[in-house]
Amino acid sequence: MIISRRVIIHSVLGDVCVSVRSDARRFVARWRDGAVHLTVPVGVGESEIRDVLDRFAPRLMAKRPDVSYYPGMTIPLDGFAFEIKSQSHRPSSILVTVTEDRAYLEVGTDIDMSSDKGRLMINSMMCRVAAKVAPRLLLPAARELARRHGLSPVSWHIMSGYRTLGKCTSARTIHLSHALVFLPKELRDYIVCHELAHLTHMSHSRRFHELCNRYCNGKEAAYIAALRAYRWPILR
């Protein structure tokens, strides 16, 4: 029987749902609905719970699902959000409604969201929405960054791929992936600054990184590390 339930924030695991059970005799942790759920016995204090999470964190992170979706899930992004719901009107389809600041994905009840096929269907729909909203979410901020650094690319484009996040051509056109919609603003800006630096240095030379670092206010290395560690809400 559950006596109490609360959410605590762990530095590695993020939000952890902690349930105190009268019948629990040991600590049990597992991933469910995209978050860690920890069951603890009665009488365990906050410091002991955090010690347990510190010990469990490496094993839990190794088993962390790459991407998971579930009914009632909200994926908040900078300037936009996705909400996932269930619907039975068209059980084999995903119905989509896009407003100014969010998209509602109503997933048919015949679609298993936990299966590879279901995840791919939801992922594909989210990327289609991202491609639609990317011009208004990404390009004004990118142009403002360029203006701030006194740069004038010939043109800006949104590209459909999401493995390559940005590209600058010798014709001084910059292409940004619609996948940047799924990044926090500081990492979106880093990608833009990276491509702006290519207007001056096409290769990844020492001078390129010095310039990019200057555009990033000395945080290029930190942004690279953050991008590598970023947990994408889509399959990449």
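This one's a predicted model, so the numbers in the text were calculated from it and none came from an experiment.

(A) Spatial organisation of the pairing of strand 3 (residues 28–32). Where burial is concerned, the two faces of strand 3 differ: the one with Ala29 and Trp31 is buried and the one with Val28, Arg30 and Arg32 is not. Across five bridges, the pairing between strand 3 and strand 4 (residues 35–41) is antiparallel. Counted as the bridge partner of tryptophan 31 is valine 36 from strand 4.

(B) Structural view of the sheet that holds strand 6 (residues 80–87). In space, the four strands of this open sheet follow the order 5-6-8-7, with mixed pairing throughout. Where the open sheet ends on each side, the last strands, each with one partner, are strand 5 (74–77) and strand 7 (94–98). Direction aside, neighbouring strands of the sheet carry axes that sit 15° apart on average.

(C) Region of the structure containing the sheet that holds strand 9 (residues 155–159). Pairing is mixed in the open sheet, where three strands are placed in the order 9-11-10. In the strand order of this sheet, the two ends are held by strand 9 and strand 10 (166–168), each with one partner. In this sheet, adjacent strand axes meet at a mean angle of 15° when their direction is disregarded. Note: strand 10 against strand 11 (residues 173–177), three bridges, orientation antiparallel. Paired with cysteine 168 across the bridge in strand 11 is isoleucine 174. Lying on the sheet, helix 2 (residues 116–148) is in contact with strand 9 and strand 11; it crosses strand 9 at an angle near 145°.

(D) Focus on the nonpolar core. Among the nonpolar cores identified, the biggest contains 57 residues, and Phe82 and Leu196 are the most heavily contacted of them. Residue contributions to this core peak at 14 residues, all from helix 2. Setting aside anything within four residues of it in sequence, one finds phenylalanine 82 in contact with Met73, Thr74, Ile75, Leu77, Ala103, Leu105, Met126, Val129 and Phe182.

(E) Highlighting helix 4 (residues 206–215). When helix 4 is considered as a whole, its buried residues turn out to be Phe208, Leu211, Cys212 and Tyr215. Looking straight down helix 4, one finds that the buried residues subtend no more than 100° of arc, so they occupy a single side. Opposite the packed face of helix 4, turned more than 90 degrees from it, sit the exposed residues Arg206 and Arg214. Here the buried face of helix 4 lies against helix 3 (185–197) and helix 5 (220–229). One or two steps after helix 4, the chain reaches asparagine 217, where phi turns positive at roughly 55°.

(F) Structural detail: the pattern of salt bridges. Under the counting rule described, the total for this entry stands at nine salt bridges. A salt bridge links aspartate 23 to arginine 21, with the nearest nitrogen and oxygen atoms 3.0 Å apart. Residue classification places arginine 21 among the partly exposed residues on the basis of a relative accessible area of 27%. Arginine 102 is paired through a salt bridge with aspartate 101; the nearest N and O atoms lie 3.9 Å apart.

(G) Structural detail: unusual backbone geometry. Phi is positive for arginine 172, close to 65°, though the residue is something other than glycine. Relative to the assigned elements, arginine 172 resides in the loop between strand 10 and strand 11. The partly exposed category is assigned to arginine 172, whose relative accessible area is 32%. Its identity as a non-glycine residue notwithstanding, asparagine 217 has a phi of 55°, on the positive side. Its place among the elements puts asparagine 217 in the loop between helix 4 and helix 5. Relative accessible area serves as the criterion here: at 67%, asparagine 217 is assigned to the exposed category.

(H) A look at the side chain of glutamate 220. Here glutamate 220 lies in helix 5. Buried glutamate 220, no salt bridge; nearest opposite-charge side chain is arginine 228, N-O distance 9.5 Å. Dropping the residues within four chain positions of it, glutamate 220 is found in contact with Tyr190, His209, Cys212 and Asn213.

(I) Looking closely at the environment of serine 152. You can see serine 152 is positioned in the loop between helix 2 and strand 9. Taking relative accessible area as the criterion, serine 152 reaches 56% and is therefore assigned exposed. Sequence separation between serine 152 and leucine 199 is 47 residues, and the spatial gap between their C-alpha atoms is 9.1 Å.

(J) Local environment of the side chain of histidine 198. Within the secondary structure, histidine 198 is located in the loop between helix 3 and helix 4. A relative accessible area of 5% places histidine 198 in the buried class. A polar contact of 3.3 Å, which involves the side chain of histidine 198, links it to the side chain of histidine 194. Dropping the residues within four chain positions of it, histidine 198 is found in contact with Cys168, Ser203, His204 and Phe208.

Cut-offs used in this document
- Residues numbered from 1 in each chain as written.
- Predicted model: local features only at pLDDT ≥ 70, side-chain atom pairs only at ≥ 80, totals over all residues.
- Heavy atoms only, no water.
- Buried < 20%, exposed > 50% of the residue type's maximum accessible area, 1.4 Å probe, protein only.
- Helix = DSSP H or I, 4+ residues; strand = E, 2+ residues; numbered from the N terminus.
- Pairing = 2+ DSSP bridges.
- Axes fitted to C-alpha atoms, helices over the stretch in contact; angles between N-to-C directions.
- Contact = heavy atoms within 4.5 Å.
- Core = buried A, V, L, I, M, F, W, Y, C linked by side-chain atoms within 4.5 Å.
- Arc of directions from axis to C-beta.
- Salt bridge = Lys/Arg side-chain N within 4 Å of Asp/Glu carboxyl O.
- Lys, Arg positive; Asp, Glu negative; His and termini not counted.
- Polar contact = N/O pair within 3.5 Å; in protein donor to acceptor, adjacent residues only side chain to side chain.

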